[in-house]
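Take a look at the letters that make up each chain.
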Amino acid sequence: MRLATFNLLHGRSRTDGLVDSRRLTAAVAALDADVLALQEVDRGQGRSGNLDQTALAAHALAACEHRFAAAVVGEPGRQVRPLTHDDGHDEPRFGVGLVSRHPVISWQIIRLTPAPVRAPVYVPGSRGGLVLLQDEPRVVLAAVLRTPHGLVTAAATHLSFVPGWNAHQLRQTVRALRALPAPRILLGDLNLPAGCARLLTGWRPLGRRPTYPAGRPRIQLDHVLVDRQDRHRLPPVTAVRTPLSVISDHRPLVVDLG
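**Considerations on the overall build of the protein chain**
In terms of helices and strands, the protein chain carries four helices and 15 strands. Dimensions along the principal axes, computed over C-alpha positions, put the protein chain at roughly 50 × 40 × 35 Å. Going through the 258 residues of the protein chain one by one, you find that 51% of them count as buried. For the protein chain, restricting intrachain contacts to residue pairs at least 6 apart in sequence, the fraction spanning at least 24 positions comes to 70%. When the accessible surface of the protein chain is totalled, it reaches about 11400 Å², and 53% of it is carbon and sulfur.

Okay, here's the thing in structure tokens:
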């Protein structure tokens, strides 16, 4: 089983800043993942051709199952609003996706509130620097999969950039996932280093590689964590990769089991 997590940056190229669906398709197909968690995913956004990027990724992997979960309605960087229940179907949305070649028994969405304060964030570029940004709501998308190793829970998320609040969200996520069948795997951009993620959850990182920034990665923000409960039912890790991609400012994290 190959697991992967990839912060797409909505498919934007690091070289020319453009979004091209063919580049996104090629980048995802190159991962050849059986279970793929996606972050910073667009659906119906003009900047990415009004596409459903999660569906595009599923097609690239010939995957039978996929789902998108919006964190906000609107275009990030401009005007967004929190999702209310399951609205915004006719508006541009932004969130996370989960793609699986294994059948899905059930889906679950867990919503995480944003940090109550603005936080300083470094923005690259000539007009960049430290800016105070308002945090946005976050979302966890979980699926119970039927795999050759039995039922497995896989979840995708992208946590807050606000220090301390991302730790709170991670603990909240783990508590929610423990209501779903073990073994449990959490994939995503946690905006935390691996040591902190392990300490906060007690879950084991399946791959330890720097993933950000993409050109010369210095820190691991993207993780594949497994709960210790029933961990023995999964095959051992045989390979871990962070291949350079044609899109995004993150590298994908790819973990092979068995």
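There's plenty left to go through after this.
**Structural notes on the side chain of D42**
Residue position: D42 is located in strand β2 (residues 35–43). At a separation of 2.9 Å, a polar atom in the side chain of D42 contacts the side chain of S48. Once you skip the residues sitting within four places of it in the chain, D42 turns out to touch H10, R47, S48, L51, D52, Q53, R93 and F94.

**Quick look at the nonpolar core**
Counting 26 residues, the largest nonpolar core has L3, L98, I185, L187, L206, V224 and V255 as the members making the most contacts within it. Excluding its chain neighbours within four sequence positions, the residues that come into contact with L206 are L3, V224, V226, R231, V237, V240, V255 and L257.

**Some thoughts on the packing of helix α1 (residues 21–31) against helix α2 (residues 53–61)**
Look at α1 against α2: their axes get within 8 Å of each other, and the N-to-C directions meet at 50°. On the basis of their axis angle, the class for α1 and α2 is oblique. In this structure, α1 meets α2 at a crossing whose hand is right-handed. Within the contact between the two elements, α1 uses S21, L24, T25, V28 and A29 and α2 uses Q53, L56, A57, A60 and L61. Residue classes in the contact of α1 with α2 are distributed as seven nonpolar, three polar and no charged.

**Notes on the sheet that holds strand β12 (residues 204–205)**
Taken together, six strands build an open sheet; the order of strands is β6-β9-β10-β11-β13-β12 and the sheet is mixed. Lying at the two open borders of the sheet, with one neighbouring strand each, are β6 (104–112) and β12. In the sheet, strand β9 (residues 138–147) pairs with strand β10 (residues 150–158) via eight bridges, with the strands oriented antiparallel. Opposite L145, over in β10, you have V152 as the bridge partner. In the packing of helix α3 (residues 165–177) onto the sheet, contacts are made with β6, β9, β10 and β11 (184–189), and the angle to β6 comes to roughly 150°.

**Regarding the environment of G258**
Along the polypeptide, G258 turns up in the segment after β15 (253–257). Overall, G258 belongs to the exposed group, its relative accessible area being 61%. Spatially, the C-alpha atoms of G258 and V226 are 15 Å apart, while their sequence positions differ by 32 residues.

**Section: the sheet that holds strand β4 (residues 80–82)**
In space, the seven strands of this open sheet follow the order β4-β3-β5-β2-β1-β15-β14, with mixed pairing throughout. Both outer strands of the open sheet, β4 and β14 (237–241), are each paired with one neighbouring strand and no more. Averaged over all adjacent pairs, the angle separating strand axes in this sheet is 25°, with direction ignored. Sheet analysis places strand β1 (residues 2–7) next to β15, joined by four bridges and oriented antiparallel.

**What to know about the environment of G195**
For G195, the location among the structural elements is in helix α4 (residues 194–201). On the basis of relative accessibility, which here comes to 41%, the residue G195 falls in the partly exposed class. For the pair formed by G195 and P205, sequence separation is ten residues and the distance between their alpha carbons is 8.7 Å.

**Notes on a positive patch on the surface**
A surface patch of like charges, here positive, comprises R198, R204, R208 and R228. Summarising the element assignment, R204 is placed in strand β12. Accessibility expressed as a relative area gives 37% for R204, which makes it partly exposed.

Basis of the calculations
Residues numbered from 1 in each chain as written. Predicted model: local features only at pLDDT ≥ 70, side-chain atom pairs only at ≥ 80, totals over all residues. Heavy atoms only, no water. Helix = DSSP H or I, 4+ residues; strand = E, 2+ residues; numbered from the N terminus. Buried < 20%, exposed > 50% of the residue type's maximum accessible area, 1.4 Å probe, protein only. Contact = heavy atoms within 4.5 Å. Areas by Shrake-Rupley, 256 points an atom, 1.4 Å probe, with all protein chains shown as cover. Polar contact = N/O pair within 3.5 Å; in protein donor to acceptor, adjacent residues only side chain to side chain. Core = buried A, V, L, I, M, F, W, Y, C linked by side-chain atoms within 4.5 Å. Axes fitted to C-alpha atoms, helices over the stretch in contact; angles between N-to-C directions. Parallel < 35°, antiparallel > 145°, perpendicular 65-115°, else oblique. Left-handed = near helix turned anticlockwise from the far one by under 90°. Nonpolar A, V, L, I, M, F, W, Y, C, P; charged D, E, K, R; others polar. Pairing = 2+ DSSP bridges. Patch = residues over 30% accessible without salt bridge, like charges linked within 9 Å, V, L, I, M, F, W, Y side chains within 5 Å. Salt bridge = Lys/Arg side-chain N within 4 Å of Asp/Glu carboxyl O. Lys, Arg positive; Asp, Glu negative; His and termini not counted. Charge placed at Lys NZ, Arg CZ, Asp CG, Glu CD.

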